[in-house]
Amino acid sequence: MSQIDYRRNALRILFILVKGSRPAPGEAVDGFDYVFRGETKVQALDFWVRYPDYLADELISLYERTGLVEHLTAAEQIFANEEPDLRRVPMLRLYFGAYEPLDTVLGYLKSRGLILPRSRPMETGKDEHDFLVSEKARELIRQMVSKVQELAWYDQRVDLVLKVADGRGGYALKKRQHEQKEYHDAAHGDLIPTTAERVRRRLADLLGRGG
């Protein structure tokens, strides 16, 4: 991974962890007062940030279920801004779906006092990975967004992804993402393919531009 990709990935994951975290009741650790629960959820949310075409497809489905035009408008805006071409960051299909090792990114964020990873035993006998988030991390996000206009995209995109996720946990989000044929059928170890053309046609049909 190049240095540029490394920093970009750390930045994207930081936005997800900060904006998706909540106060950590009874779990106070000096300087870390918020918690994001579940690495599976991080991976699922990261996928929708990295694949605007899949996110647009989900927004269209939301529009069809709810009738809320804001979802259709958001999907239309993704294609108007050419995000499936300009913003897509390919992700491997591994194990249970889209996956990318987070060790290096989390080590980078931990070394700067922004995130504190920890394991939490589950009733299943397996450990769940949570991430404590510091006030320093939240303040850093606020400062970056206010000073660097380009970073507003991450701020707004993670907000949109969290809205689409609607509080669902990592396994529920993965299950939903597997309902996309292109995602589910991707071979283990291959990059998950784009759905841009299919979703573009679906959007055009809804908007009456299908020809």
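Scroll up to find the structure this text is about.
Residues numbered from 1 in each chain as written. Predicted model: local features only at pLDDT ≥ 70, side-chain atom pairs only at ≥ 80, totals over all residues. Heavy atoms only, no water.

Enquirer: What exactly am I supposed to notice about the nonpolar core here?
Expert: One broad trend across soluble globular proteins is that nonpolar side chains are buried collectively. Grouped together as the largest cluster of nonpolar side chains are 57 residues, with contacts concentrated most on Leu-14, Leu-17, Phe-47, Trp-48, Leu-109 and Ile-115. The leading source of residues in this core is helix H1 (residues 3-19), at nine residues. When near neighbours in sequence (up to four residues on either side) are disregarded, Phe-47 contacts Tyr-54, Met-91, Ala-98, Gln-177, Tyr-183 and Ile-192. (Core = buried A, V, L, I, M, F, W, Y, C linked by side-chain atoms within 4.5 Å. Buried < 20%, exposed > 50% of the residue type's maximum accessible area, 1.4 Å probe, protein only. Helix = DSSP H or I, 4+ residues; strand = E, 2+ residues; numbered from the N terminus. Contact = heavy atoms within 4.5 Å.)

Enquirer: For this particular structure, what's the right way to read the pattern of salt bridges?
Expert: Here the idea is simple: oppositely charged side chains can pair when their charged atoms come close. In total, this model carries 20 salt bridges according to the counting rule given. For Asp-130, the salt bridge identified is with Arg-37, shortest N-O distance 2.8 Å. Highlighted residues: Asp-130 in strand E6 (residues 127-134) and Arg-37 in strand E2 (residues 32-37), separated in sequence by 93 residues. Assessed through its relative accessible area of 0%, Asp-130 is described here as buried. By relative accessible area, which is 36% here, Arg-37 ends up partly exposed. (Salt bridge = Lys/Arg side-chain N within 4 Å of Asp/Glu carboxyl O.)

By themselves, these are just geometric observations and shouldn't be taken as functional.
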